[in-house]
Amino acid sequence: MGASRFEVQSSRVHGKGVFALCHMPAGETLMEYVGEVISMAEAIARHPHDPEDPNHTFYFQLADGRVIDGLHGGNDSRWINHSCRPNCVPDEVKGRIFIKTRRPVFKGEELTFDYDLVSDEPMSDELKGRYACRCGAKKCRGTMLAC
């Protein structure tokens, strides 16, 4: 793992993105998603990170219900955007998240993974719209929510 293999740049998908500086084979661990590990209650209390864009956060929920807040102590991994056809996948190992390539990634390509977000609200067009996807994939499902 090394920061010299990717860099943060402006993204056509959303805001900033992480881009490959070299070819990376499938199955390679690229980086860890890091930040302050907090309870879900604390994440809710901190929400939103940006009142102007309340659905944009740097939270990553762990299997045990805790949350990694990449805004506090995070690294470049917090800038990886969502895609419905991602080239990376998050892998949880003992309460830590590692971003791995799911297929070969080519120099200049933006790193993405499927956020598969969940909500306590009933699925609706309005909810899907709040979490609209901008990935541009041919089979884009139109939302970052798990459907």
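As a reminder, the structure under discussion sits directly above these lines.
Undergrad: Please explain the overall build of the protein as it appears in this structure.
TA: Assigned secondary structure in the protein consists of two helices and ten strands. Starting at the N terminus and ending at the C terminus, the protein contains elements arranged as β-β-β-β-α-β-β-β-β-β-β-α. Computed over C-alpha atoms, the radius of gyration of the protein comes to 15 Å, within 12% of the 15 Å expected from 2.2 N^0.38 for 147 residues, which places it in the range of a compact globule. In terms of principal-axis extent, the alpha carbons of the protein reach across some 40 × 35 × 25 Å. Across the protein, the fraction of contacts at a sequence separation of at least 24, relative to all contacts at a separation of at least 6, is 62%. Here the protein displays about 8,300 Å² of accessible surface, and carbon together with sulfur accounts for 51% of that area.

Undergrad: How do you make sense of a positive patch on the surface when you look at a structure like this?
TA: Taken together, the side chains of Arg85, Arg102, Lys138 and Lys139 present a region of like positive charge at the surface. The exposed category is assigned to lysine 139, whose relative accessible area is 75%.

Undergrad: Help me understand the sheet that holds strand 4 (residues 36-38) in this model?
TA: On the basis of which strands lie adjacent, the open sheet formed by three strands has the order 4-6-5 and antiparallel pairing. Edge strands, defined here as strands with exactly one partner in the open sheet, are strand 4 and strand 5 (59-61). On average, adjacent strands in this sheet sit at an angle of 25 degrees to one another, irrespective of strand direction. Where strand 4 meets strand 6 (residues 67-69), three bridges bridge the pair, whose relative direction is antiparallel. Bridge assignment links glutamate 36 to a residue of strand 6, and that residue is aspartate 69.

Undergrad: What exactly am I supposed to notice about the layout of surface pockets here?
TA: Any empty space left between the atoms is revealed when a probe the size of a water molecule rolls over them. Space inside the largest pocket adds up to approximately 1,400 Å³. Lining the largest pocket are 46 residues, and of these Thr57, Tyr59, Leu117, Val118 and Tyr131 sit closest to its centre. Listing elements by their share of the lining of the largest pocket, those giving two or more residues are helix 1 (40-46), strand 5, strand 7 (81-82), strand 8 (88-93) and helix 2 (125-130). Considered as a void within the structure, the second largest pocket measures approximately 180 Å³ in volume.

Undergrad: Could you clarify how one ought to interpret the sheet that holds strand 3 (residues 29-33) in this entry?
TA: In any sheet, the strands associate via hydrogen bonds between backbone groups, in a parallel or an antiparallel arrangement. The strand order across the open sheet built from three strands is 3-9-8, with neighbouring strands paired in antiparallel fashion. Each edge of the open sheet carries a strand with a single partner, namely strand 3 and strand 8. The mean inter-strand angle of the sheet, taken between neighbouring strand axes irrespective of direction, is 30 degrees. Sheet analysis places strand 8 next to strand 9 (residues 96-101), joined by six bridges and oriented antiparallel. Note that in strand 9 the partner of aspartate 91 across the bridge is phenylalanine 98.

Undergrad: Can you walk me through the side chain of threonine 112 in this structure?
TA: Counting through the fold element by element, threonine 112 comes out in strand 10 (residues 112-113). Its relative accessible area of 8% is what places threonine 112 among the buried residues.

Undergrad: How do you make sense of the packing of aromatic side chains when you look at a structure like this?
TA: Note on aromatic pairs: each is described by the distance of the centres and the angle between the planes. If you walk through the whole model with that rule in mind, you get four aromatic pairs. Pairing phenylalanine 58 with tryptophan 79 gives two aromatic rings, centres 5.0 Å apart and planes at 80 degrees, and the pair type is edge-to-face. In this pair, phenylalanine 58 is assigned in the loop between helix 1 and strand 5 and tryptophan 79 in the loop between strand 6 and strand 7, connecting sequence segments 21 residues apart. The pair formed by phenylalanine 58 and tryptophan 79 is uniform in burial state, with each residue classed as buried. Note on phenylalanine 113 and tyrosine 115: the rings are 5.2 Å apart at their centroids and 50 degrees apart in plane angle, and the pair reads as tilted.

Parameters and conventions
- Residues numbered from 1 in each chain as written.
- Predicted model: local features only at pLDDT ≥ 70, side-chain atom pairs only at ≥ 80, totals over all residues.
- Heavy atoms only, no water.
- Helix = DSSP H or I, 4+ residues; strand = E, 2+ residues; numbered from the N terminus.
- Rg over C-alpha atoms; globule rule 2.2 N^0.38 Å.
- Contact = heavy atoms within 4.5 Å.
- Areas by Shrake-Rupley, 256 points an atom, 1.4 Å probe, with all protein chains shown as cover.
- Patch = residues over 30% accessible without salt bridge, like charges linked within 9 Å, V, L, I, M, F, W, Y side chains within 5 Å.
- Salt bridge = Lys/Arg side-chain N within 4 Å of Asp/Glu carboxyl O.
- Lys, Arg positive; Asp, Glu negative; His and termini not counted.
- Charge placed at Lys NZ, Arg CZ, Asp CG, Glu CD.
- Buried < 20%, exposed > 50% of the residue type's maximum accessible area, 1.4 Å probe, protein only.
- Pairing = 2+ DSSP bridges.
- Axes fitted to C-alpha atoms, helices over the stretch in contact; angles between N-to-C directions.
- 1 Å grid on protein atoms, 1.4 Å probe; cavity = no way out; pocket = protein on both sides within 12 Å on 5 of 7 lines; lining within 4 Å.
- Points joined across faces, edges and corners; volume = space filled by probe spheres on them.
- Phe/Tyr/Trp six-rings, centres within 6.5 Å; stacked < 30°, edge-to-face > 60°.

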